[in-house]
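# A closer look at the structure
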Amino acid sequence: MPNAIVLHEVGGPEKLQFESIPEPVPGPGQVRIRQTAIGLNFIDVYLRTGLYKAPAFPFIPGQEGAGVVEALGPGVAEVAVGDRVAYAGVNGAYAEVRVLPADRLVHLPDGVDDRTAAAMMLKGMTAEYLLFRCARVQAGDTILFHAAAGGVGSIACQWARALGVRVLGTVGGPAKVRRAKDNGCAEVIDTKSEDIVARVKALTGGAGVAAVFDSVGKDTFAASLDCLRPRGMLVLFGQSSGVVPPLDLSQLAAKGSLFVTRPTMGHYVATRPELVASAGRLCEVVSSGAVRIEIGRIYPLRDAAQAHRDLEARQTTGSTVLLP
Ligand SMILES: NC(=O)c1ccc[n+]([C@@H]2O[C@H](COP(=O)([O-])OP(=O)(O)OC[C@H]3O[C@@H](n4cnc5c(N)ncnc54)[C@H](OP(=O)(O)O)[C@@H]3O)[C@@H](O)[C@H]2O)c1
């Protein structure tokens, strides 16, 4: 029987139990893949703690992975047995084998190896929709990206820089400043010792930035609003530090007719054409070398609990991969 990490109830990392599961059988439109690498994401923490509701228990967490198709359910046309594939946004990744809808899989080009794919699919498609389709950044813009040495941040900052955007990044602690610079940040603000708003104002001649990408949430949201230029856009796309309290919308007028959005990847890769286009653009920019996928840490799947502890403790940089 294959092994998986199973959650029987919400709680701390110790609730992530390594267990044998019955071999899953693909239903209509589904395939079974044997996974070679699995990506760790902060959303896995939200689902483990109960901040986001798991559909049912027992629950296998994880939303990102790569592997080889080994069985097809009835009516599958998108892939064939033996294909090398990857996916993002479908729970159940922390397992040696899994089933998922065939229309959520994308083929991997030769230039992208399995570990890289598992490290980039969810974080990289997030970077793609945030930059191109949500905030629509332009060459010459100045933006602020929080957690610039993290998983999404590492990819998005490199990509924005490649587009000709001036990226100001924030990180927690001096050890991550160098990494954020390597990720293309023109300037890096250490949130543990520096005032975010004062530094952004100083770095923009008092003007503020065109867009702020904030996945930290509770600890940074108020500062993020104050870093924007008039008619700038705050993209709140996560809450690693906690949930943002309700916002008085009249503040948006007072602070310069600001825009705020709270997007999630699922709505930007909802259709198969959107998914294929987003993944294609990501594979292309990675294959070109303009964006490099940094795998900061690799853990055996059975050590998923330790990987969660390290992610929550802000110990990781770049992407983290679990190996089945
Ligand atoms: N909406 C979407 O479509 C979408 C998709 C993917 C990810 N996300 C969100 O994007 C964020 C990044 O995801 P990721 O998987 O790539 O994680 P990550 O950025 O590798 O890790 C989170 C980072 O947030 C920073 N952080 C600041 N305060 C924190 C706190 N109190 N506790 C923990 N971390 C804190 C830390 O960086 P510093 O120490 O440098 O500050 C930490 O390394 C998450 O909030 C995630 O939910 C959203």
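Refer to the structure presented above.
A few points on the structure.

Criteria and thresholds
Residues numbered from 1 in each chain as written. Predicted model: local features only at pLDDT ≥ 70, side-chain atom pairs only at ≥ 80, totals over all residues. Heavy atoms only, no water. Near = heavy atom within 4 Å. Polar contact = N/O pair within 3.5 Å; in protein donor to acceptor, adjacent residues only side chain to side chain. Helix = DSSP H or I, 4+ residues; strand = E, 2+ residues; numbered from the N terminus. Nonpolar A, V, L, I, M, F, W, Y, C, P; charged D, E, K, R; others polar. Buried < 20%, exposed > 50% of the residue type's maximum accessible area, 1.4 Å probe, protein only. Pairing = 2+ DSSP bridges. Right-handed = clockwise from strand over helix to strand, strands pointing away. Salt bridge = Lys/Arg side-chain N within 4 Å of Asp/Glu carboxyl O. Contact = heavy atoms within 4.5 Å. Core = buried A, V, L, I, M, F, W, Y, C linked by side-chain atoms within 4.5 Å. Expected span 1.5 Å × (residues − 1).

On to the site of the ligand, then. Neighbouring the ligand are 27 residues; Tyr129, Gly151, Lys176, Phe237 and Met265 lie closest to it. For the ligand, an oxygen atom lies 2.8 Å from a polar atom in the backbone of Val152. Measuring from a nitrogen atom of the ligand, one finds a backbone N or O atom of Phe237 at 2.9 Å. Mapped by element, the contributors of at least two residues to the shell around the ligand are helix H1 (42-49), helix H2 (114-134), helix H3 (151-162) and helix H10 (304-312). Residue composition of the shell around the ligand, grouped by class: 12 nonpolar, 11 polar and 4 charged.

All right, on to the pairing of strand E15 (residues 319-323) then. Taking burial as the measure, the 5 residues of E15 include 5 buried ones, the bulk of the element. By the alternation rule, side chains of E15 split into Ser319, Val321 and Leu323 and Thr320 and Leu322, which are all buried. Two elements, strand E3 (residues 30-40) and E15, share 3 bridges in a ladder whose sense is antiparallel. In the strand pairing of E15, Gly39 is matched with Val321. For the crossover that starts at strand E14 (residues 295-300), traverses H10 and ends in the parallel E15, the hand is right-handed.

Take the pattern of salt bridges next. Counting across every chain of the model gives 15 salt bridges. Across the pair Arg32 and Glu70 runs a salt bridge, and its minimum N-O distance is 2.8 Å. Highlighted residues: Arg32 in strand E3 and Glu70 in strand E4 (residues 64-72), separated in sequence by 38 residues. Residues Asp310 and Arg297 are paired through a salt bridge, measuring 3.0 Å at the closest nitrogen-oxygen approach. You can see Asp310 sitting in helix H10 and its partner Arg297 sitting in strand E14, a full 13 residues away along the chain. Residue Asp310 is classed as buried on the basis of its relative accessible area, which comes to 11%. Judged by its relative accessible area of 30%, Arg297 is partly exposed. One salt-bridge network, in which partners are shared between bridges, spans Glu23, Arg32, Arg34 and Glu70.

Attention now moves to the environment of Leu105. Counting through the fold element by element, Leu105 comes out in the loop between strand E6 (97-101) and strand E7 (106-107). Separated by 15 residues in sequence, Leu105 and Val90 have C-alpha atoms that sit 9.9 Å apart. With sequence-adjacent residues up to four places away left out, Leu105 is seen in contact with Val31, Ile33, Val79, Val85, Ala86, Tyr87, Leu100, Arg272 and Leu275.

This brings us to the nonpolar core. Core analysis: the largest hydrophobic core is formed by 54 residues, its most contacted members being Met125, Ile143, Phe145 and Phe213. Ranked by the residues each element gives to this core, the list is headed by H2, at 12 residues. Excluding residues that lie within four positions of it along the chain, Ile143 makes contacts with Val137, Ala160, Val165, Arg166, Val167, Leu168, Val209, Ala211 and Phe213. Core analysis: the next-biggest nonpolar cluster, separate from the first, contains 29 residues, Leu40, Val69, Val85 and Leu311 among them.

Our next topic: unusual backbone geometry. Omega for the peptide link from Phe57 to Pro58 comes to -5°, which places this bond in the cis form. Looking at where Pro58 falls in the secondary structure, it is placed in the loop between H1 and E4. The backbone phi angle of Arg136 is positive, close to 50°, even though this residue is not glycine. Relative to the helices and strands, Arg136 is located in the loop between H2 and strand E8 (142-145). Taking the relative accessible area as the measure of exposure, Arg136 reaches 56% and is therefore exposed. At Ser257, a position not held by glycine, the phi torsion is positive, near 50°. Residue placement: Ser257 occurs in the loop between helix H7 (250-254) and strand E13 (259-261). Ser257 sits in the partly exposed class, given a relative accessible area of 45%.

Over its 16 residues, helix H9 (residues 272-287) runs 22 Å from end to end, which matches the ideal 22 Å to within 8%, given 1.5 Å per residue. Three or more residues of H9 are buried, namely Leu275, Ser278, Ala279, Leu282, Cys283, Val285 and Val286. On its buried face, H9 is in contact with E7, H2 and H3. Downstream of H9 by one or two residues, Gly289 has phi in the positive range, about 90°.

All quantities given are derived from atomic positions and should not be read as evidence of function.
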